[in-house]
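Notes for the structure review
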Amino acid sequence: MFLCGLLYATFVTYVICGSHTSLTMWPLLGVSLGVGIFIGLLTMFVIHCGLFLCGFTFGFEVGVAVFVIIEFFYHIDIMWIPFGVLLGLSLIFAITALKWEKTIAILATAMIGAILLVAGADYFVEEFVLMLYIWKRISAKNGEKLCLYSWIVLGVWPLMFIMGSLIQFLKTGKDFYHKKSK
């Protein structure tokens, strides 16, 4: 839960403060990391808040995958469509996480791990070309087409998500529930 809160809050704070303030890079990173640590601790100690944010993050990541797939067929020009779809999916999965705690927590952590792996590989292969492509898809901007290497790196995302989910469901997630025993 801590990692989910830390990553999501740091990312959102960095994006918002980066576009609305005149902070240089290091103070902006410091503020973002401070907010991320606070939200990470909050999600770790308040379990329902952590589950909600874990589901919210998973919904956002599923929405990003949807927009990458939609780009094959149609380019969306209106920025409010990705915003509404990402917010809607995030809220649906956040509320779902409160009902099916273990399932959504496993899926969300597997998705976060897959995205971090793909982002690291993208950095070393093409210096964040894939991440910029995804950012332009969710902000409804035109962008360059991806080359073969980027598609290979992008293909690792669902593969690692499935592998991480299976490992957690079959091995590490057995006999553990977030609810206290009665």
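Residues numbered from 1 in each chain as written. Predicted model: local features only at pLDDT ≥ 70, side-chain atom pairs only at ≥ 80, totals over all residues. Heavy atoms only, no water.

Side note on unusual backbone geometry
A positive phi angle, close to 65°, is found at F128, a residue other than glycine. Positive phi, close to 55°, is recorded for A140, a residue that is not glycine. Checked against the element boundaries, A140 lands in the loop between α6 (129-138) and α7 (148-172). (Helix = DSSP H or I, 4+ residues; strand = E, 2+ residues; numbered from the N terminus.)

Re a nonpolar patch on the surface
On the surface, F52, I78, W80, I81, F83, V85, L87, L91, I95 and L98 cluster together into a nonpolar patch covering about 930 Å² of accessible area. Looking at the nonpolar patch element by element, the count peaks at 8 residues for helix α4 (residues 80-99). (Patch = residues over 30% accessible without salt bridge, like charges linked within 9 Å, V, L, I, M, F, W, Y side chains within 5 Å. Areas by Shrake-Rupley, 256 points an atom, 1.4 Å probe, with all protein chains shown as cover. Salt bridge = Lys/Arg side-chain N within 4 Å of Asp/Glu carboxyl O.)

A closer look at the environment of G55
Position of G55 relative to the elements: it lies in helix α3 (residues 47-70). Between the alpha carbons of G55 and F73 there is a distance of 28 Å; along the sequence they are 18 residues apart. Excluding residues within four positions of it along the chain, G55 makes contact with S90, F93, A94, A97 and I104. (Contact = heavy atoms within 4.5 Å.)

Quick notes on the nonpolar core
With 29 residues, the main nonpolar core has V64, L130, I134, W157 and F161 as its most contacted residues. Among the elements of the structure, α1 (2-20), α3, α4, α5 (101-126), α6 and α7 are those that each provide at least two residues to this core. Ranked by the residues each element gives to this core, the list is headed by α3, at 8 residues. Other than its neighbours up to four places away in sequence, L130 contacts V118, D122, L146, S150, V153 and L154. (Core = buried A, V, L, I, M, F, W, Y, C linked by side-chain atoms within 4.5 Å. Buried < 20%, exposed > 50% of the residue type's maximum accessible area, 1.4 Å probe, protein only.)

Some details on α1
The terminal C-alpha atoms of α1 lie 27 Å apart, and with 19 residues this matches the ideal 27 Å at 1.5 Å per residue to within 8%. What α1 keeps buried is the set C4, G5, L6, Y8, A9, T13 and C17. Packed against the buried residues of α1 are α2 (25-45), α3 and α5. (Expected span 1.5 Å × (residues − 1).)

A closer look at the packing of α2 against α3
Axis separation between α2 and α3 bottoms out at 5 Å; the angle between their running directions is 115°. Contacts from I39, L42, T43 and F45 in α2 reach I47, C49, G50 and L53 in α3. When its residues are assigned to classes, the contact of α2 with α3 shows 6 nonpolar, 2 polar and no charged. (Axes fitted to C-alpha atoms, helices over the stretch in contact; angles between N-to-C directions. Nonpolar A, V, L, I, M, F, W, Y, C, P; charged D, E, K, R; others polar.)

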